[in-house]
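Here is what each chain is made of, one letter per residue.
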Amino acid sequence: MSSLYIGGSWVRARAGGTREIRCPADGSLVGTVDEASAADTEAAIAAAREAFDEGPWPHLPTAERADVLLKVADLLQRDKADIARMESLDTGKRLAEGEYDVDDVTSVFRHYGESARSESERSVDVGRDDVESRVVHEPIGVCALITPWNYPLLQVAWKVAPCLVAGNTFVLKPSELTPHTAIHLMRLLEEAGVPAGVANLVLGAGADAGAPLSTDPRVDLVSFTGGVETGKRLMVNSAATVKKIALELGGKNPNIVFADADREAALDNALTAVFLHSGQVCSAGARLLVEESLHDELVAEIVKRAAAIRLGGPFDADAETGALISEAHLDKVTAYVDMAVAEGARLLVGGARATEGDLADGYFFPPTVLDDCDTTMRCVQEESFGPVVTIETFRDEEEAVRLANDSVYGLAGAVWTSDESKGERVARRMRMGTVWINDYHPYVAQAEWGGYKQSGIGRELGAAGLEEYRETKHIWRNLKPAPSEWFGSSSADGDDDANEENGAAHG
Ligand SMILES: NC(=O)c1ccc[n+]([C@@H]2O[C@H](COP(=O)([O-])OP(=O)(O)OC[C@H]3O[C@@H](n4cnc5c(N)ncnc54)[C@H](O)[C@@H]3O)[C@@H](O)[C@H]2O)c1
Ligand SMILES: C[N+](C)(C)CC=O
């Protein structure tokens, strides 16, 4: 089966490379897809360039492009069951989570299909009646969209929907580990009427298939979601041709619980914050900051409930969370916990691969709780991206804020308190792109998402998520053109009055 989509055709990898995709929950074969090389990606870039420079898409009325997005939203819902199944098999997440993701993906296409229909134009009053001044927005050009494996289609949707509605063309490279839903999306875009060459898909490893996306001069923008080290590399590569760049990177997110919080809500959500999708969430509440007086009671209950969380495959009706994505990732999470213990953290539950029964066939790691942690430890500062929570204590509001902000990351965080003004004060002082008060995890297509500090550059979703894909142009029209005579001219001695009336072009 051809699985690269280039210039409106489904094609095989030129060098004949393929990759087997196996379900992380049991190692079963999900499918075999083409593995692109740099030459395939260069062909995809050429197709996207041609579609942008010569095709109709950038010049269509915005409402027509928005209609295509609304059609895609309908098609996503039509195929929801199939897409959710593909996503769960590729990632090992529970089917219910796969289904939830398809609804989220749909909401992004619907949001931009509904909110971005009008031409974006602003008149500027320059104080002269002989001048018409306007600011307009235009597509940027060819966009390289590079995405990770944890929320495969969702992270693709956050880029593809605004990219398309703004009139750009793109080359998408999803994670090599989870390609199936991106393939399906290309089929839906084709069905919804996206012209050939506008949407292109390459599959494969970052170092080979991905490499030209940040170096090829025909690419105008790189939008990347993934790890901070990859993001830094792409930023360096992109600098040579001054590409615009948007980065959605990792996080090590503090979840602050004050003693006056609703205890059951804070406790229950502290578990969801970090153990949802086995901790493979950029915004996971992997740092639990507990007010000293509440520590013993809260931690005892967290340990009890963490130990009871049931692990299982996508279609196991009893499972509450799934597998880690790969053996390499399982090894990384294991090493991270070992390092934490060596640093002085106290392991209270979990800590080693789960191998009971069928779990032995997959990459399962149990919910793990590490107490006695502090911000000098690497286990508090670095992202494990697994089901591992580190616990720190604080004495007062000041210390809670200081600890929460003591990180190179600034993606997300939460504060739990029944004191409304304290919640607001702390939320405003937390240096993060998203802060929840008495909640954890919600995000919506209407509100911006992104990171402070090393968690990224730029925003996805909301109005800013669309602006990432638009250039801004100022158009100045002189309605009564006349020589400026700044340097003088043959008529300089004859028409001083007319020149004064028109005003100098320079100001
Ligand atoms: N901020 C967010 O919204 C957000 C959302 C999801 C995931 N993440 C982060 O993603 C990370 C996990 O994802 P991952 O392991 O897939 O990240 P990763 O950085 O290893 O890979 C991400 C993507 O980049 C590609 N890639 C790697 N090297 C490349 C290169 N030289 N050129 C082009 N492409 C290249 C990969 O093939 C993959 O498609 C975590 O750090 C997580 O926090 C962030
Ligand atoms: C951005 N989000 C929360 C959907 C997935 C992060 O990994």
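Residues numbered from 1 in each chain as written. Chains lettered and ligands numbered in written order. Predicted model: local features only at pLDDT ≥ 70, side-chain atom pairs only at ≥ 80, totals over all residues. Heavy atoms only, no water.

- As annotated in an unreviewed UniProt entry, the protein is Aldehyde dehydrogenase family protein from Nocardioides bigeumensis.
- UniProt, in the comment section headed Sequence similarities (unreviewed entry), describes the protein in these words: "Belongs to the aldehyde dehydrogenase family."
- As its UniProt record puts it under Pathway (unreviewed entry), the protein is described as follows: "Amine and polyamine biosynthesis; betaine biosynthesis via choline pathway; betaine from betaine aldehyde: step 1/1." (UniProt positions renumbered as here; feature names shortened; annotations may be inferred.)

### Section: helix H11 (residues 295-307)
For step 1, the next point in the chain: In this model H11 runs 18 Å from its N-terminal to its C-terminal C-alpha over 13 residues, within 8% of the 18 Å that 1.5 Å per residue would give.
For step 2, the next point in the chain: If you check which residues of H11 are buried, you get His295, Leu298, Val299, Ile302, Val303 and Ala306. Projected down its long axis, H11 shows its buried positions confined to an angular sector of 130°, all on one face. Projecting away from the buried face of H11 at angles above 90 degrees are the exposed residues Asp296 and Lys304.
For step 3, the next point in the chain: Elements in contact with the buried residues of H11: strand E12 (254-257), helix H10 (263-275), strand E13 (287-291), strand E14 (346-349), strand E15 (368-371) and strand E16 (388-394). (Helix = DSSP H or I, 4+ residues; strand = E, 2+ residues; numbered from the N terminus. Expected span 1.5 Å × (residues − 1). Buried < 20%, exposed > 50% of the residue type's maximum accessible area, 1.4 Å probe, protein only. Arc of directions from axis to C-beta. Contact = heavy atoms within 4.5 Å.)

### Observations regarding the packing of aromatic side chains
For step 1, the next point in the chain: Evaluated as defined, the whole model comprises 8 aromatic pairs.
For step 2, the next point in the chain: With 5.5 Å between their ring centres and 75° between their planes, Trp149 and Phe385 make a pair best called edge-to-face. Residue Trp149 is found in the loop between strand E7 (142-146) and helix H5 (152-165), and its partner Phe385 is found in the loop between helix H13 (378-381) and E16; the two are separated by 236 residues along the sequence. Neither Trp149 nor Phe385 differs from the other in exposure class; each is buried.
For step 3, the next point in the chain: With a centroid separation of 5.6 Å and an interplanar angle of 70°, the aromatic rings of Trp158 and Tyr443 are classed as edge-to-face. A residue pair is termed long-range when its members are at least 10 positions apart, and Trp158 in helix H5 and Tyr443 in the loop between strand E19 (434-437) and strand E20 (452-453) qualify at 285 residues.
For step 4, the next point in the chain: Grouped by ring-pair contacts, the aromatic residues Trp158, Trp436, Tyr440, Tyr443 and Trp449 constitute a single cluster. (Phe/Tyr/Trp six-rings, centres within 6.5 Å; stacked < 30°, edge-to-face > 60°.)

### Side note on the packing of helix H14 (residues 397-405) against helix H15 (residues 420-429)
For step 1, the next point in the chain: Packing of H14 against H15 leaves a shortest axis separation of 10 Å and a crossing angle of 30°. One way to sum up the angle between H14 and H15 is to call them roughly parallel. Crossing of H14 over H15 shows right-handed handedness. Along the contact surface, H14 presents Glu397, Glu398, Val401 and Asn405, while H15 presents Lys422, Arg425, Val426 and Arg429.
For step 2, the next point in the chain: Per-class residue counts for the contact of H14 with H15 are 2 nonpolar, 1 polar and 5 charged. (Axes fitted to C-alpha atoms, helices over the stretch in contact; angles between N-to-C directions. Parallel < 35°, antiparallel > 145°, perpendicular 65-115°, else oblique. Left-handed = near helix turned anticlockwise from the far one by under 90°. Nonpolar A, V, L, I, M, F, W, Y, C, P; charged D, E, K, R; others polar.)

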